[in-house]
Amino acid sequence: MSKRRIIQLATVTAAAFLALGAVIVTGSVVSAKYQRDLEYNYRRAFNELTTYVSTMESTLSKSIYANTATQQTGIAAKLMQDASGAKSSLSVLPLQGDTLNTVQKFLSQVEDFSTALTKQVSSGIGISDKDRETLSQLYDYAALLKADLAHLQQQFDRQDLQIGESTRLISNLELDPSVPVFSDALSSSAEDFQDYPTLIYDGPFSDHITQLEPKLLKGKPEVDEAEAIDKAASFFALNKNDLQHTSDTAGNLPTINLTDGTKKISVTKQGGEILSLLDTRNVESASLDYEQAKQKAEEFLQKNNFGPMKESYYVINDNRCTIQFFTEENGAVVYPDLIKITVALDNGDIAEYNSTGYLMNHHQRKIPQPKITLEEAKKAISPALTIQKERMAVIPTAGLHEVLCYEFLCDGKNGDEVLVYLNAETGMEEQIFLVLRSDNGVLTI
């Protein structure tokens with residue numbers, strides 16, 4: 001073979017290898033992109049599944065205690081919605097065999113049973129003791145599934161687990177055998193469900209939507225930067241010379257924003273009311289307990305001339321204690337008028353303050369007289385509950401109205417604490433919440 005021919009063959013061969021290399025690299029890039037996209041879709045579906053199951057567990061717990069048609073119908077509708085959403089999320093995940101079939105069966109039966117309950121309640125039959133027993137069984141399995149999913153989430157967070165099947169789907173690559181894949185890990189849920197029968201904030205209303213015009217600010221004049229600084233300095237006992245104007249914020253609560261070292265303060269343009277404070281300093285230790293923190297917060301409210309307020313629900317985190325306060329009028333706690341105060345547990349300073357609910361909702365109210373008596377209201381409470389305390393409360397509705405209710409704190413099964421809000425005019429259940437108590441606070445879901 002001539003030297004020239006050898007050079008030609010070498011050139012062609014090199015070109016072929018370069019082309020093949022380009023194809024391999026391009027294929028690898030495309031494969032990696034598909035793999036990332038699939039992993040993202042799987043993770044999103046898993047997160048949605050976890051959310052639906054968590055909400056479903058909470059709703060099933062409440063369903064045991066619902067005792068009027070309005071609340072029972074609403075709970076059944078919520079269960080149908082969550083079960084349907086969970087099934088949709090589950091269908092995206094790379095599962096097969098018993099794991100998929102068992103969990104899918106559970107979700108389908110929650111959905112089907114909820115549909116049956118809706119028809120039953122609508123026809124005036126109501127929920128029977130046998131139905132409550134079934135709901136209790138469904139709750140037990142929902143709690144198992146929620147716990148399994150939470151365990152998987154911890155493994156994801158530690159990177160001990162990968163959903164994994166996406167790599168097989170793309171390029172048949174070998175997975176690291178030391179890392180369990182998602183379907184294998186979730187199979188523990190199938191084991192938990194072997195005997196499955198054939199069939200969670202904040203305190204209540206704290207996330208009430210604030211879309212309307214702020215009632216407390218209505219008709220009040222606007223303030224300028226100097227007035228905002230004066231009001232903030234007086235409210236938080238600061239030196240006004242240390243306060244700096246940084247920006248303004250628009251929206252349904254326009255504010256003038258100020259800083260003082262680690263403190264960020266917002267003052268409403270209309271009326272010059274203090275909307276919020278956030279002190280970002282690190283609170284390294286705790287020398288105060290909840291009772292002492294509550295006293296500091298109450299003294300702060302009294303100093304700033306707030307009327308009677310009732311504390312309710314708190315959480316301790318990062319050496320800070322956040323307490324919710326509501327106004328009290330004519331013996332009724334008014335939940336829409338919410339102020340959140342966070343106390344630093346090292347020195348008792350106010351670390352956070354938020355009065356959005358108070359500014360949006362507080363106004364001169366005329367608390368109506370109940371149309372049903374306390375004894376009549378008690379008769380509407382589920383026989384599965386034992387009433388421990390009762391009081392009057394004004395709560396917000398989904399339609400941004402307010403309704404007077406009897407608030408009952410009750411004991412349920414398995415140590416549950418349950419809050420039931422019974423409409424003082426109609427006698428129907430408006431809301432049901434579960435009370436969660438721990439060393440770090442008292443919250444509701």
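Use the structure listed above.
Description of the structure in this document. (Residues numbered from 1 in each chain as written. Predicted model: local features only at pLDDT ≥ 70, side-chain atom pairs only at ≥ 80, totals over all residues. Heavy atoms only, no water.)

1. Examining the pairing of strand S9 (residues 386-396)
Rules: Here, a strand pair is defined by DSSP locating no fewer than two bridges between the strands. Put simply, DSSP marks the helices as runs of H or I at least four residues long and the strands as runs of E at least two long, and each gets a number from the N terminus on.
By the bridge criterion, three bridges tie strand S7 (residues 332-344) to S9 in an arrangement that is parallel. Opposite Val333, over in S9, you have Ala393 as the bridge partner. Pairing of S9 with strand S10 (residues 402-411) involves ten bridges; the strand directions are antiparallel. Note that in S10 the partner of Ala393 across the bridge is Cys405.

2. Considerations on the pairing of S10
Condition: Only protein chains enter the accessibility calculation, which uses a 1.4 Å probe; a residue whose area is less than 20% of its type maximum is buried, one above 50% is exposed, and one in between is partly exposed.
Of all ten residues that make up S10, eight are buried, and the element is covered over most of its length. Pairing of S10 with strand S11 (residues 417-423) involves seven bridges; the strand directions are antiparallel. Looking across to S11, one finds that Phe408 is bridged to Val420. In this antiparallel pair of consecutive strands, S10 and S11, the connection spans five residues, and Asn414 shows a positive phi of 55 degrees.

3. Notes on the packing of aromatic side chains
Rules: Stacked, tilted and edge-to-face are the three classes assigned to paired rings of Phe, Tyr and Trp, where Trp is represented by its six-membered ring and a pair needs centres within 6.5 Å; plane angles under 30 degrees give stacked, over 60 edge-to-face, the rest tilted.
On inspection of all chains with the given rule, the structure shows 13 aromatic pairs. Consider the rings of Phe235 and Phe300, whose centres lie 5.3 Å apart with planes at 85 degrees: the pair is edge-to-face. With a gap of 65 residues between them, Phe235 in helix H7 (residues 225-236) and Phe300 in helix H8 (residues 290-303) connect regions that are remote in the sequence. We classify Phe300 as buried; its relative accessible area is 8%. Ring geometry for Tyr290 and Tyr314: centres 3.8 Å apart, planes at 15 degrees, overall stacked. Highlighted residues: Tyr290 in helix H8 and Tyr314 in strand S5 (residues 309-317), separated in sequence by 24 residues. Taking relative accessible area as the criterion, Tyr290 reaches 16% and is therefore assigned buried. Within the aromatic cluster, the residues linked to one another by ring pairs are Phe235, Phe236, Phe300, Phe306, Tyr353 and Tyr358.

4. Some words on the environment of Thr118
This is how it is decided: The contact rule is simple, with two residues in contact once any of their heavy atoms fall within 4.5 Å.
Structurally, the position occupied by Thr118 is in helix H3 (residues 98-122). In contact with Thr118, other than residues within four places in its own chain, are Ala76, Ala77 and Met80.

5. Examining the nonpolar core
Nonpolar side chains tend toward joint burial in soluble globular proteins. As a reminder, the rule being used: Buried Ala, Val, Leu, Ile, Met, Phe, Trp, Tyr and Cys residues that are joined via side-chain atoms within 4.5 Å together make up what is termed a nonpolar core.
Phe236, Ile265, Ile341, Tyr353 and Tyr421 are the most contacted members of the largest nonpolar core, which totals 55 residues. Contacts of Tyr353, omitting those with residues within four sequence positions, involve Phe235, Phe236, Ile274, Leu275, Ser276, Leu277, Phe300, Phe306, Ile339, Lys340 and Ile341. Ranked by size, the runner-up nonpolar core spans 54 residues in total, among them Leu117, Ile127, Leu404 and Ile445.

6. Comments concerning the pattern of salt bridges
Quick reminder of the rule: The rule for a salt bridge is simple: a side-chain nitrogen of Lys or Arg has to be within 4 Å of a carboxyl oxygen of Asp or Glu.
What the rule picks out here adds up to 19 salt bridges. A salt bridge links Glu111 to Lys87, with the nearest nitrogen and oxygen atoms 2.9 Å apart. Of the two residues, Glu111 sits in helix H3 while Lys87 sits in helix H2 (residues 69-92), which places them 24 residues apart along the sequence. What makes Glu111 buried here is its relative accessible area of 18%. In this structure, Lys378 engages Glu375 in a salt bridge whose closest nitrogen and oxygen atoms are separated by 3.8 Å. Linking Lys378 with Glu375, this pair stays in helix H10 (residues 374-379), spanning three residues, or about one helical turn. Residue class for Lys378 comes out partly exposed when judged on its relative accessible area of 28%.

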